[in-house]
Amino acid sequence: MHEYSIVQSLIDACEENAKANDATKVTKVVVKIGVMSGVEPELLKTAFDTFKEQTICDNAEFIMNIQPVIVSCKSCLAESTLEKLEYCCPKCKSAELEIVDGEDMYLMQLELE
Ligand SMILES: [Zn+2]
């Protein structure tokens, strides 16, 4: 499953960060999940809970921030948040859009002890 390999690299990143900061525990992991990243939040949470045992993230709280798609319109230059996944500018209905946010998933914040 896609989510399992994501969690694996997430936990690797946590371990590297902890090592670099002389921490022995990760208490909180905050990730941002773009709605177009293809990551299923529920599956990601389950995968994290499964993988975290025996790792530095064993007692970490897992927080997911869902990032909507933000587009910038090339016709009217407006920046909008898309409520639905349809490619058209809410202001001028143009389809000439550039995606600004909402495509990626990444680690935003870690709390270490
Ligand atoms: Zn527009």
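As a starting point, this report considers the structure included with it. Only a predicted model underlies this, so the values are computations on that prediction, with no experimental measurement involved.

What counts, and at which threshold
- Residues numbered from 1 in each chain as written.
- Predicted model: local features only at pLDDT ≥ 70, side-chain atom pairs only at ≥ 80, totals over all residues.
- Helix = DSSP H or I, 4+ residues; strand = E, 2+ residues; numbered from the N terminus.
- Buried ≥ 20, exposed ≤ 12 C-beta atoms within 10 Å, placed from the backbone.
- Pairing = 2+ DSSP bridges.
- Right-handed = clockwise from strand over helix to strand, strands pointing away.
- Expected span 1.5 Å × (residues − 1).
- Arc of directions from axis to C-beta.
- Contact = placed C-beta atoms within 7 Å.

Describing unusual backbone geometry
Both trends apply: most residues other than glycine have a negative phi, and most peptide bonds are in trans. Positive phi values are uncommon outside glycine, yet Asp22 reaches one of about 55°. Considering the arrangement of structural elements, one finds Asp22 in the loop between helix H1 (2–20) and strand E1 (26–34). Exposure remark for Asp22: the 7 C-beta atoms within 10 Å place this residue in the exposed category.

What about the pairing of strand E2 (residues 61–67)?
Relative to E2, E1 is paired through seven bridges, and the arrangement is parallel. Bridging from a neighbouring strand, Val29 pairs with Phe62 of E2. Following the chain from E1 across helix H2 (residues 41–51) to the adjacent parallel E2, one finds a crossover that is right-handed.

Focus on H1
Taking 1.5 Å of rise per residue, 19 residues should cover 27 Å, and H1 covers 28 Å from first to last C-alpha, within 8% of that figure. Turning to H1, its buried residues number three or more, namely Glu3, Ile6, Val7, Leu10, Ile11 and Cys14. End-on view of H1: buried residues confined to an arc of 135°, all on one side of the axis. For H1, the exposed residues set more than 90 degrees away from the buried face come down to Ser5, Ser9, Asp12, Glu16, Lys19 and Ala20. Where H1 is buried, its residues touch E1, H2 and strand E6 (105–112). Once H1 ends, the next one or two residues include Asp22, with phi positive near 55°.

As for the pairing of strand E3 (residues 69–73)
Burial along E3 is one-sided: the face carrying Val69, Val71 and Cys73 is buried and the face carrying Ile70 and Ser72 is not. Here E3 pairs with strand E4 (residues 79–82) via four bridges, running antiparallel. Looking at E4, one finds that Val69 is bridged to Leu82. Hairpin connection, E3 to E4: the antiparallel pair is bridged by five residues, and Leu77 has positive phi, about 65°. Pairing of E3 with strand E5 (residues 97–101), which is carried by four bridges, proceeds in the antiparallel orientation. From the neighbouring strand, Ile70 faces E5, where its bridge partner is Asp101.

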